[in-house]
Amino acid sequence: MDSKLDAYRLQAEPFYRSAGNEVALYEHAYTHRLPLIIKGPTGCGKTRFVEYMAWKLGRPLVTLACNEDMTASDLIGRYLLDAQGTTWHDGPLTLAVRHGAICYLDEVVEARQDTTVVIHPLTDARRILPLEKKAEVVHAHPDFQLVVSYNPGYQSRSKDMKSSTRQRFAALKFDYPDEVVEAEVVAHEAAISMDLAVRLVGIANRSRALKNHGLDEGISTRMLIYAGVLIRSGVDPRESCDMTMTLALTDDPDMAMALRGFVEAYFE
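Residues numbered from 1 in each chain as written. Predicted model: local features only at pLDDT ≥ 70, side-chain atom pairs only at ≥ 80, totals over all residues. Heavy atoms only, no water.

Draft legend 1. Up close: the pattern of salt bridges. Going through the model one piece at a time under the given rule, you end up with 19 salt bridges. Its salt-bridge partner being glutamate 182, residue arginine 208 comes within 2.7 Å of it at the nearest N-O pair. Residue arginine 208 is located in helix H8 (residues 194-208), and its partner glutamate 182 is located in helix H7 (residues 179-190); the two are separated by 26 residues in the primary sequence. For arginine 208, a relative accessible area of 16% translates into the label buried. By relative accessible area, glutamate 182 is classed as buried at 0%. Linked through salt bridges whose partners overlap, the residues forming this network are Asp90, Arg98, Lys134 and Glu136. (Salt bridge = Lys/Arg side-chain N within 4 Å of Asp/Glu carboxyl O. Helix = DSSP H or I, 4+ residues; strand = E, 2+ residues; numbered from the N terminus. Buried < 20%, exposed > 50% of the residue type's maximum accessible area, 1.4 Å probe, protein only.)

Draft legend 2. Here's a closer look at empty space enclosed by the protein. Overall, the coordinates contain one cavity of 30 Å³ or more when judged by the stated rule. Reported here for the largest cavity is a volume of approximately 70 Å³. In this structure, the largest cavity is lined by Val108, Val109, Ala111, Arg112, Gln113, Thr116, Asp160, Met161, Lys162 and Thr165. Taken together, the residues of the lining of the largest cavity break down into four nonpolar, three polar and three charged. (1 Å grid on protein atoms, 1.4 Å probe; cavity = no way out; pocket = protein on both sides within 12 Å on 5 of 7 lines; lining within 4 Å. Points joined across faces, edges and corners; volume = space filled by probe spheres on them. Nonpolar A, V, L, I, M, F, W, Y, C, P; charged D, E, K, R; others polar.)

Draft legend 3. Representation of the sheet that holds strand S5 (residues 102-106). Taken in spatial order, the five strands of this open sheet run S2-S5-S8-S1-S9, and their pairing is parallel. Strand pairing shows two members of the sheet lacking a second neighbour, strand S2 (61-65) and strand S9 (170-173), which therefore form its edges. Averaged over neighbouring strand pairs, the angle between their axes works out to 20° when direction is ignored. Of the strand pairs in this sheet, S5 and strand S8 (residues 145-150) are connected by four bridges, and their pairing is parallel. Counterpart to isoleucine 102 in the pairing with S8 is glutamine 145. Where helix H1 (residues 22-31) meets the sheet, its contacts fall on strand S1 (36-39), S5, S8 and S9, and the angle it forms with S8 comes to roughly 140°. (Pairing = 2+ DSSP bridges. Axes fitted to C-alpha atoms, helices over the stretch in contact; angles between N-to-C directions. Contact = heavy atoms within 4.5 Å.)

Draft legend 4. Representation of the side chain of threonine 246. Within the fold, threonine 246 resides in helix H10 (residues 237-249). Each residue touching threonine 246, except ones within four places of it in the same chain, is listed here: Cys241, Ala256, Leu259 and Arg260.

Draft legend 5. Representation of the environment of proline 14. Following the sequence through the fold, proline 14 ends up in the segment before H1. Sequence-wise, proline 14 and arginine 168 are 154 residues apart; in three dimensions their C-alpha atoms are separated by 29 Å. Sequence-distant contacts of proline 14, that is, excluding residues within four places in its chain, are made with Arg48, Glu51, Tyr52 and Trp55.

Draft legend 6. Looking closely at the nonpolar core. With 32 residues, the main nonpolar core has Leu93, Leu105, Phe144 and Leu146 as its most contacted residues. Contributions of two or more residues to this core are made by S2, helix H3 (72-76), helix H4 (92-99), S5, strand S6 (128-131) and S8. When residues in this core are grouped by element, the largest group, four residues, is from H4. Beyond its immediate sequence surroundings of up to four residues, leucine 105 is in contact with Leu64, Cys66, Leu75, Ile119, Leu146, Val147, Val148 and Ser149. (Core = buried A, V, L, I, M, F, W, Y, C linked by side-chain atoms within 4.5 Å.)

Here you go:
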């Protein structure tokens, strides 16, 4: 076991409720170390799925939340001044490539495209990571796999994955699970009754019909879990839903009124 990756190992099995054959498909992809895109709406369980698969496969998981300020050096590493002088420090991507972790770039389209280009040599038969500043080429460990995620709903806002990058990946599409499965997930994660979870899921489903009709996104599974946690903690259900759903989703008074109407229908 490589001590450099100890901090990235999952110590316990993450809860994950399969909604189809995505687990088997991921296992096939990992067998061949195919780079993988996980795409789906915010808060539908993409990150939890990757965590579960890393645990199931017994691999460390190096996760990076991408953003527009991320540079290539943030991924691959840089020279830093320390007690020994100026020394090279591997970035998280280099660490995963060198020692054999699953590297998960969450919301990869948020990163600048000139930054994501550094992953290209890792996503074809070469499986290498050139470190130009260090004059080194790192050959990927046999257990290394690259996984990225994004939300297609936000693509039209000027952020998209370049075709030359997209075509290097296999892909799995995620969505919110059906009502029964989603209620099971919410009940488990928030430690609430199924009856309460079913009502929260009902609110979410009504809000999702408003996507692109005043809302960018409907209420996510993650929001339902937050609401459930607050209700379990003793907060009034309507106030819980207001905090975790309505106020988080919109600033529009009319849309907020509509969402509160959904809540009232389930918590009279």
